[in-house]
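Read off the chains here:
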Amino acid sequence: QAHMDYSDAAGTLLLDVANKRWSAELCRAFAIEPAMCPPLVESHACVGTLLPDIAAATGLGASTRVFAGGADNACGAIGAGILSPGATLCSIGTSGVVLTYEEDLSRDYGGKVHFFNHGQQDAFYSMGVTLAAGYSLSWFKETFAADTSFEALLDEAGQVPVGANGLLFTPYLVGERTPHADSQIRASFIGADATHRRAHFTRAVLEGITFSLRESVDIFRAAGKKVDTVLSIGGGAKSDVWLQMQADIFRARVVKPRSEQGPGLGAAMLAALGCGWFASLSECAARFVGTAEHFDPNDKNADQYDQMYPLYQQVYEQTKTLCDRLKTFRNSL
């Protein structure tokens with residue numbers, strides 16, 4: 001029988017997050033038969049064993065246990081050790097996520113961010129999302145630097161001063177999610193002139209992605225959360241240039257875990273807990289989640305970013321009407 005864990009179920013928007021059950025009210029509103037919704041289980045619950053064809057294809061024993069696991073960001077949080085109040089995660093993959101641990105339902109963000117069940121039992125997390133984070137960098141590389149490695153591009157960007165000589169980028173290639181739930185907005189380079197070279201554009205892309213993520217950090221801080229340390233995973237944790245940029249723009253210590261593959265490690269930790277090898281996820285994290293290095297804000301750089309950030313925030317409103325009109329134009333072709 002199919003099952004679903006609470007963290008994945010929360011992402012369907014059909015879950016009563018507080019009471020950990022499918023919402024009868026929402027099911028009625030969308031004419032969904034509640035019987036269609038699978039049984040709900042904890043992320044570390046054993047939900048069966050391998051199907052015979054899967055066992056045969058992998059060479060694993062048919063008695064190998066299968067555990068429910070969790071949503072990608074829930075597992076990423078577990079794998080980064082986001083298991084107690086005060087812990088905040090920045091995950092930069094195709095999309096970008098800023099996620100903070102919530103121990104109860106008391107925090108009110110006014111619907112500005114997602115509030116989901118955690119993969120850790122009876123805990124929650126809040127999450128802001130940038131739709132095109134690492135995707136913006138991948139798009140830029142494929143479009144303008146196909147024969148250059150990511151490492152070389154990032155090294156170039158590291159040679160450019162803070163602010164990319166007055167060049168701004170907004171990472172709205174496929175719309176935006178936090179803080180602007182807008183499918184029509186599109187990306188912009190603002191301030192380009194004849195002095196700008198590829199390295200400036202690369203740095204502007206990195207800074208724009210990170211400014212977008214700071215908007216989620218600001219939402220958490222405005223609601224009373226203390227965000228002074230951020231654990232960074234994903235592609236954004238592979239570059240010291242980008243890690244330092246995160247520290248400067250967030251004005252927070254940025255910690256690089258020993259493993260930047262948080263989701264895979266988190267899933268393995270849930271299975272280890274389900275097997276009874278550890279008494280808790282925290283005990284498991286103490287064994288497997290460690291720090292490789294950390295990056296503290298450079299005050300001079302942070303001050304410069306504080307001057308540039310409000311300009312970045314203005315670009316959305318200044319380009320929204322233009323993007324709507326361009327969308328209408330494209331649809332008329």
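Scoring rules and cut-offs
- Residues numbered from 1 in each chain as written.
- Predicted model: local features only at pLDDT ≥ 70, side-chain atom pairs only at ≥ 80, totals over all residues.
- Heavy atoms only, no water.
- Patch = residues over 30% accessible without salt bridge, like charges linked within 9 Å, V, L, I, M, F, W, Y side chains within 5 Å.
- Areas by Shrake-Rupley, 256 points an atom, 1.4 Å probe, with all protein chains shown as cover.
- Salt bridge = Lys/Arg side-chain N within 4 Å of Asp/Glu carboxyl O.
- Buried < 20%, exposed > 50% of the residue type's maximum accessible area, 1.4 Å probe, protein only.
- Helix = DSSP H or I, 4+ residues; strand = E, 2+ residues; numbered from the N terminus.
- Phe/Tyr/Trp six-rings, centres within 6.5 Å; stacked < 30°, edge-to-face > 60°.
- Lys NZ or Arg CZ within 6 Å of the ring centre and 35° of its normal.
- Polar contact = N/O pair within 3.5 Å; in protein donor to acceptor, adjacent residues only side chain to side chain.
- Contact = heavy atoms within 4.5 Å.
- Pairing = 2+ DSSP bridges.
- Axes fitted to C-alpha atoms, helices over the stretch in contact; angles between N-to-C directions.
- Parallel < 35°, antiparallel > 145°, perpendicular 65-115°, else oblique.
- Nonpolar A, V, L, I, M, F, W, Y, C, P; charged D, E, K, R; others polar.

(A) Local environment of a nonpolar patch on the surface. Taken together, Leu-326, Phe-329 and Leu-333 make up a surface patch of nonpolar side chains, about 370 Å² in accessible area. The exposure class of Leu-333 is exposed, given its relative accessible area of 76%.

(B) Highlighting unusual backbone geometry. Omega for the bond connecting Thr-178 with Pro-179 falls within 30 degrees of zero, at 5°, which places this linkage in the cis form. Positionally, Pro-179 belongs in the loop between strand E11 (168-170) and strand E12 (188-190). Despite not being glycine, Ala-31 shows a phi value in the positive range, around 55°. A relative accessible area of 72% means that Ala-31 is categorised as exposed. The phi dihedral of Asp-122 falls on the positive side, at around 60°, and the residue is not glycine.

(C) The arrangement of the packing of aromatic side chains in detail. The full count for this structure, using the stated rule, is twelve aromatic pairs. With 5.7 Å between their ring centres and 90° between their planes, Trp-139 and Phe-144 make a pair best called edge-to-face. Three or more aromatic residues joined by ring pairs make a cluster, and in this case those are Phe-211, Tyr-305, Tyr-309 and Tyr-312. Directly above the aromatic system of Phe-150 lies the positively charged group of Lys-141, at a separation of 5.3 Å from the ring centroid. Sitting over the ring of Tyr-309, Arg-214 keeps its end group 3.9 Å from the ring centre.

(D) The side chain of Glu-102, seen in detail. Note that Glu-102 resides in strand E8 (residues 96-102). Polar contacts involving the side chain of Glu-102 include one to the side chain of Tyr-109, which spans 2.6 Å. Sequence-distant contacts of Glu-102, that is, excluding residues within four places in its chain, are made with Arg-107, Tyr-109, Phe-115, Ala-123, Phe-124, Tyr-125, Ser-126 and Lys-225.

(E) Structural view of the sheet that holds strand E10 (residues 124-130). The sheet built from seven strands is open, its strands ordered E9-E10-E8-E7-E13-E14-E15 with mixed pairing. On the outer flanks of this sheet lie strand E9 (114-117) and strand E15 (291-295), each paired with one strand and no other. Strand after strand, the sheet turns through a mean of 30° between neighbouring axes, direction not considered. Summarising the sheet, strand E7 (residues 88-92) and strand E13 (residues 229-234) pair through five bridges and their orientation is parallel.

(F) Main features of the packing of helix H4 (residues 72-79) against helix H9 (residues 262-274). Interaxial distance between H4 and H9 falls to 6 Å at its minimum, and their mutual angle equals 80°. Regarding the angle of H4 to H9, the classification is roughly perpendicular. Where H4 approaches H9, its residues Asp-72, Cys-75, Gly-76, Ile-78 and Gly-79 are matched on the opposing element by Gly-262, Pro-263, Leu-265, Gly-266, Ala-267, Met-269 and Leu-270. In terms of residue class, the contact of H4 with H9 is made up of seven nonpolar, four polar and one charged.

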